[in-house]
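Take a look at the letters that make up each chain.
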Amino acid sequence: METLFTILLVIFSLGLIAVVLLQKGKSAGLSGAISGGAEHLFGKQKARGLDLFLQRLTVGLAVGFFVLAMVVAYLVKAA
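Residues numbered from 1 in each chain as written. Predicted model: local features only at pLDDT ≥ 70, side-chain atom pairs only at ≥ 80, totals over all residues. Heavy atoms only, no water.

Would you explain the overall build of the protein in this entry?
A count of helices and strands for the protein gives 3 helices and 0 strands. In the protein, the succession of α and β elements from N to C terminus is α-α-α. Counting the 79 residues in the protein, one finds 14% classified as buried. Looking at the protein alone, contacts between residues at least 24 apart form 92% of all its contacts between residues at least 6 apart. As displayed, the protein has an accessible area near 6,200 Å², and 72% of this comes from carbon and sulfur atoms. (Helix = DSSP H or I, 4+ residues; strand = E, 2+ residues; numbered from the N terminus. Buried < 20%, exposed > 50% of the residue type's maximum accessible area, 1.4 Å probe, protein only. Contact = heavy atoms within 4.5 Å. Areas by Shrake-Rupley, 256 points an atom, 1.4 Å probe, with all protein chains shown as cover.)

Here's what the structure looks like:
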């Protein structure tokens, strides 16, 4: 059982890395670092299409990764 969850954890981590690398950058250098956060907070840039899908997939994979990490840590400690 521990092996299955460890394999799933590796798959989730590789998927999370791939999805994050597929997303395009939200800022354009130093000027984007200053004004980009405010634009993102107030919703001037809405994600649509592939960007929205990748954003949601990132959230799902991140939640799954953290849950699996907790389960594997519990199983290793219990063994």
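There's more to say after this.
In this structure, what is going on with the pattern of salt bridges? I would like to understand it.
In this structure the tally under the stated criterion is 1 salt bridge. One salt bridge in this structure joins lysine 24 and aspartate 51, with 3.7 Å as the shortest N-O distance. In this pair, lysine 24 sits in the loop between helix H1 (2-22) and helix H2 (29-41) while aspartate 51 sits in helix H3 (residues 50-78), placing the two residues 27 residues apart along the sequence. Given the relative accessible area of 58%, lysine 24 is considered exposed. A residue is classified by how much of its surface remains accessible, and aspartate 51, at 26% relative accessible area, is partly exposed. (Salt bridge = Lys/Arg side-chain N within 4 Å of Asp/Glu carboxyl O.)

Please explain the packing of H1 against H3 as it appears in this structure.
Angle between the axes and distance between the axes: these two values describe a pair of packed helices. Look at H1 against H3: their axes get within 9 Å of each other, and the N-to-C directions meet at 155°. When the axes of H1 and H3 are compared, the pair comes out roughly antiparallel. Regarding H1 and H3, the two cross each other, and that crossing is left-handed. Grouping the constituent residues of the contact of H1 with H3 by class yields 19 nonpolar, 5 polar and 1 charged. (Axes fitted to C-alpha atoms, helices over the stretch in contact; angles between N-to-C directions. Parallel < 35°, antiparallel > 145°, perpendicular 65-115°, else oblique. Left-handed = near helix turned anticlockwise from the far one by under 90°. Nonpolar A, V, L, I, M, F, W, Y, C, P; charged D, E, K, R; others polar.)

Got a minute to help me understand the side chain of threonine 58 in this structure?
By the element assignment, threonine 58 lies in helix H3. Contact partners of threonine 58, with chain neighbours within four places excluded, come to Leu16, Val19, Val20 and Gln23.

Honestly, H1 in this entry has me stumped. Any pointers?
The end-to-end C-alpha distance of H1, which contains 21 residues, comes to 30 Å, matching closely the 30 Å that a straight helix rising 1.5 Å per residue would cover. Listed as buried for H1 are Leu9, Leu16 and Val19. Around the axis of H1, the buried residues are gathered within 100° of arc, so they sit on the same side. Facing away from the buried surface of H1 by more than 90 degrees, the exposed residues are Thr3, Ile11, Leu14, Leu21 and Leu22. Summarising the contacts, the buried residues of H1 are in contact with H3. (Expected span 1.5 Å × (residues − 1). Arc of directions from axis to C-beta.)

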